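# Survey of secondary and tertiary structure
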Amino acid sequence: MKVAFALSGGGNLGAMQAGGMRALVEAGIEPDVLSGSSIGALNAAFYATYPGIEGCKQLETAWRDLSRKDVFRFELFRAISGFIGLRDHLVTTRRLKLIIHEWLGIDRIEEAKLPFAAVATDALTGDIVVMTEGDVASALLATAAIPGIFPPVYREGRWLVDGSLSAGCPASEALDLGADEVYAFLTTTAPRRRPPRGAVAAAMSTVSLMTSKLQIARLESAEATAAQRGGAVYFVPSAFPEAPSPFDFDQGAALAASGYARAAEWVQQLEFGAAPADQLR
């Protein structure tokens, strides 16, 4: 059986995936291939480059050390230009590109030790775009390009934006890469008690709510496809934390720890016959 990890988007909640992956790898569940959307693609790329337990620990450390200013630094002129239509984004990707370089240390997707796919969305058609080769920085910048926040990325003749818009958790894409069993890592939070503060945070939360229904439908479809082939899609449960501000990167260590604890508990249940999709609905 060929095993895949499929990692959803989720911004700063991606720290949970780092802990969750370590729990599965410690239990002997290791991927042969990975796929990811948005921040999940960066996590997938990291594990593909540094596989195994040590790679998981390094990824958790990277999340622990990450701060808001490492990712987002709003510049007044750029922000104003974006709001009045002179630019198509509010934040430059310069810092995000540095993170990609520092975390991975590779230039092309093919240089990773394991195959992985970064999934983006065609900004003009809404089509899913799966990237399995070529420049790693442009692929990861494309899948993380939240519309309006980061600029779209022109890659191989297409304008690309956030992969979460079309494939929140790319389990179907992992099956297309030849996987028989897919472990889908989600970043679901506890229900909000009030809307997030700030215009940008409110807009990002609204987009997340709109795409969550699409994600569930696509995961159910992937589950059916895998079953027809004699495989399965397993939904690694989220730790369901309180939703932090999308600009709060101070909880990386706590989120990774909660992701690890929840996934470790779930793996034990799985060993005793838990249903693959019992955490999806």
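Just above, that's the structure.
Residues numbered from 1 in each chain as written. Predicted model: local features only at pLDDT ≥ 70, side-chain atom pairs only at ≥ 80, totals over all residues. Heavy atoms only, no water.

## Here's the deal with the environment of Leu124
If you trace the backbone, Leu124 turns up in the loop between strand 3 (116–122) and strand 4 (128–131). With a relative accessible area of 69%, Leu124 lands in the exposed category. Leu124 sits 37 residues away from Val161 along the chain, and the two C-alpha atoms are 9.5 Å apart. (Helix = DSSP H or I, 4+ residues; strand = E, 2+ residues; numbered from the N terminus. Buried < 20%, exposed > 50% of the residue type's maximum accessible area, 1.4 Å probe, protein only.)

## Focus: the packing of helix 6 (residues 94–104) against helix 7 (residues 136–143)
Two numbers describe how helix 6 lies on helix 7: the axes approach to 10 Å, and their chain directions differ by 125°. Taken together, the axes of helix 6 and helix 7 are oblique relative to one another. Crossing hand, helix 6 versus helix 7: right-handed. Of the residues in helix 7, those in contact with Leu96, Lys97, Ile100 and Leu104 of helix 6 are Val136, Ala137, Leu140 and Leu141. Of the residues assigned to the contact of helix 6 with helix 7, the class counts are seven nonpolar, no polar and one charged. (Axes fitted to C-alpha atoms, helices over the stretch in contact; angles between N-to-C directions. Parallel < 35°, antiparallel > 145°, perpendicular 65-115°, else oblique. Left-handed = near helix turned anticlockwise from the far one by under 90°. Contact = heavy atoms within 4.5 Å. Nonpolar A, V, L, I, M, F, W, Y, C, P; charged D, E, K, R; others polar.)

## Notes on the nonpolar core
Nonpolar side chains in soluble globular proteins tend to end up buried together. Residues Phe5, Leu24 and Tyr183 are the most contacted members of the largest nonpolar core, which totals 67 residues. It is helix 2 (residues 39–49) that provides the largest number of residues to this core, a total of eight residues. In this structure Tyr183 touches Val3, Ala4, Phe5, Ala6, Leu24, Ile29, Tyr234, Val236, Trp266 and Leu270, once residues within four positions along its chain are discounted. Residues Ala171, Ala174, Val233 and Phe235 belong to the second largest nonpolar core, which totals 16 residues. (Core = buried A, V, L, I, M, F, W, Y, C linked by side-chain atoms within 4.5 Å.)

## Details of the side chain of Ser38
Counting through the fold element by element, Ser38 comes out in the loop between strand 2 (33–37) and helix 2. Look at Ser38 and you get buried, because its relative accessible area is 9%.

## Observations regarding helix 6
The α-helix winds at 3.6 residues per turn, so residues separated by three or four positions along the chain end up facing the same way. Buried within helix 6 we find Leu96, Ile99, Ile100, Trp103 and Leu104. In a view along the axis of helix 6, the buried residues occupy a sector of 100°, so they form one face of it. Residues of helix 6 that are exposed and point more than 90 degrees away from the buried face comprise His101 and Glu102. As for helix 6, its buried residues are in contact with helix 2, helix 3 (53–65), helix 4 (68–71) and helix 7. A positive backbone phi angle near 70° is found at Gly105, which sits one or two residues after helix 6. (Arc of directions from axis to C-beta.)

## Considerations on helix 7
The element helix 7 is largely enclosed, with a buried count of eight among its eight residues. All buried positions along helix 7 are accounted for by Val136, Ala137, Ser138, Ala139, Leu140, Leu141, Ala142 and Thr143. If you check the start of helix 7, you find a side-chain oxygen 2.7 Å away from the backbone N of Ser138, and it comes from Asp135. (Polar contact = N/O pair within 3.5 Å; in protein donor to acceptor, adjacent residues only side chain to side chain.)

## Regarding the side chain of Thr187
Inspection of the secondary structure assignment puts Thr187 in the loop between strand 7 (181–185) and helix 9 (199–228). Under the relative-accessibility criterion, Thr187 is labelled buried at 11%. Looking at Thr187, its side chain comes within polar contact range of the side chain of Ser8, at 3.4 Å. Here Gly9 takes part through its backbone oxygen, which lies 2.7 Å from a polar atom of the side chain of Thr187. Ignoring any residue separated from it by four or fewer positions in sequence, one finds Thr187 in contact with Ser8, Gly9, Gly10, Leu13, Met16, Gln17 and Ser238.

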